[in-house]
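Examining the three-dimensional arrangement
Chain residues, written in single-letter form:
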Amino acid sequence: MPAPLAHPVLKNGVGAFIPQCRRLVFHYCERSGSSRGMIEYLKKDLIQFAKEHPHVEVIVTPRPSKHPVIRGLYLNGRDKVVCVRNMEPKDISGKVTLLKESAGNRMKVFNKPVISTTESVRGIWSPFHAAPHKI
């Protein structure tokens, strides 16, 4: 009887990484001065980015008389838009990396410094827990 095939044990987050960014859309104006850095980025750096990240669909569309923006679309159905008006190509590259590595989730506000499923062992302090002070 042949030995059973070894199957890897998959745990949450181990074994496969699914990039969350599925599409980047670049909008720019061909005549606007605020799109100068974007046009330079599109001519020089975008092809290299697309080759390095084949899982991200790249779309470039002109948008006359508007400031340049980059829109990231994610697997969860959300999108993020970043305005890159008057930015240099290296700054635009940083924004593209930010959108690519983002998960598309909304920003969360944390009211407490630590989020836990259990309350503190000591409980909530109250001045009535201590013995009264004598003056």
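Further up the page is the structure itself.
Residues numbered from 1 in each chain as written. Predicted model: local features only at pLDDT ≥ 70, side-chain atom pairs only at ≥ 80, totals over all residues. Heavy atoms only, no water.

The subject of this paragraph is the overall build of the chain. If you tally the helices and strands in the chain, you get three helices and four strands. For the chain, the sequential pattern of α-helices and β-strands runs β-α-α-β-β-β-α. Counting all 135 residues of the chain, 24% fall into the buried class. Sequence-distant contacts in the chain: of pairs separated by 6 or more residues, those separated by 24 or more amount to 68%. (Helix = DSSP H or I, 4+ residues; strand = E, 2+ residues; numbered from the N terminus. Buried < 20%, exposed > 50% of the residue type's maximum accessible area, 1.4 Å probe, protein only. Contact = heavy atoms within 4.5 Å.)

Before going further, it helps to examine the environment of T97. Mapped onto the elements of the fold, T97 is located in helix α3 (residues 89-101). Taking C-alpha positions, T97 is 9.5 Å from F49, a pair spaced 48 residues apart along the chain. In this structure the side chain of T97 is engaged in a polar contact, spanning 2.9 Å, whose partner is the backbone oxygen of S93. (Polar contact = N/O pair within 3.5 Å; in protein donor to acceptor, adjacent residues only side chain to side chain.)

Here we come to the pattern of salt bridges. Scanning the model with the defined rule gives four salt bridges in all. One salt bridge in this structure joins D79 and R71, with 2.5 Å as the shortest N-O distance. Look at R71 and you get partly exposed, because its relative accessible area is 28%. (Salt bridge = Lys/Arg side-chain N within 4 Å of Asp/Glu carboxyl O.)

For the rest of this paragraph, the subject is the sheet that holds strand β1 (residues 21-28). If you walk across this open sheet you meet the four strands as β2-β1-β3-β4, and the pairing is mixed. Each edge of the open sheet carries a strand with a single partner, namely β2 (57-62) and β4 (79-83). Recorded for the sheet is a direction-independent mean angle of 15 degrees between the axes of neighbouring strands. Packing against the sheet, helix α1 (residues 36-44) makes contact with β1, β2 and β3 (69-74), and its axis sits at approximately 130 degrees to β1. (Pairing = 2+ DSSP bridges. Axes fitted to C-alpha atoms, helices over the stretch in contact; angles between N-to-C directions.)

Here the focus is α1. Every buried residue belonging to α1 is among G37, M38, Y41 and L42, and all of these are buried. In an axial view of α1, the angular spread of the buried residues amounts to 135 degrees, which keeps them on one side of the axis. Among the exposed residues of α1, those pointing more than 90 degrees away from its buried face are R36, K43 and K44. (Arc of directions from axis to C-beta.)

In a regular helix each residue adds 1.5 Å, so 13 residues correspond to 18 Å; α3 covers 18 Å between its end C-alpha atoms and thus fits that length. By the burial criterion, the buried members of α3 are P89, I92, V96, L99 and K100. What you see down the axis of α3 is that its buried residues fit within an arc of 100 degrees, all on one side. Opposite the buried face of α3, at more than 90 degrees from it, the exposed residues are K90, L98 and E101. Buried positions along α3 lie against β1, α1, α2 (46-52), β3 and β4. (Expected span 1.5 Å × (residues − 1).)

So, about the packing of α1 against α3. Interhelical geometry of α1 versus α3 gives an angle of 75 degrees and a closest axis separation of 8 Å. With respect to their mutual orientation, α1 and α3 come out roughly perpendicular. Across the interface between the two elements, G37, M38, E40 and Y41 from α1 touch P89, I92, S93 and V96 from α3. (Parallel < 35°, antiparallel > 145°, perpendicular 65-115°, else oblique.)

Let's shift gears to the environment of S32. Mapping S32 onto the fold places it in the loop between β1 and α1. Distance from S32 to S65, taken between C-alpha atoms, is 6.8 Å for residues 33 residues apart in sequence. At 2.9 Å, the side chain of S32 and the side chain of S34 are in polar contact.

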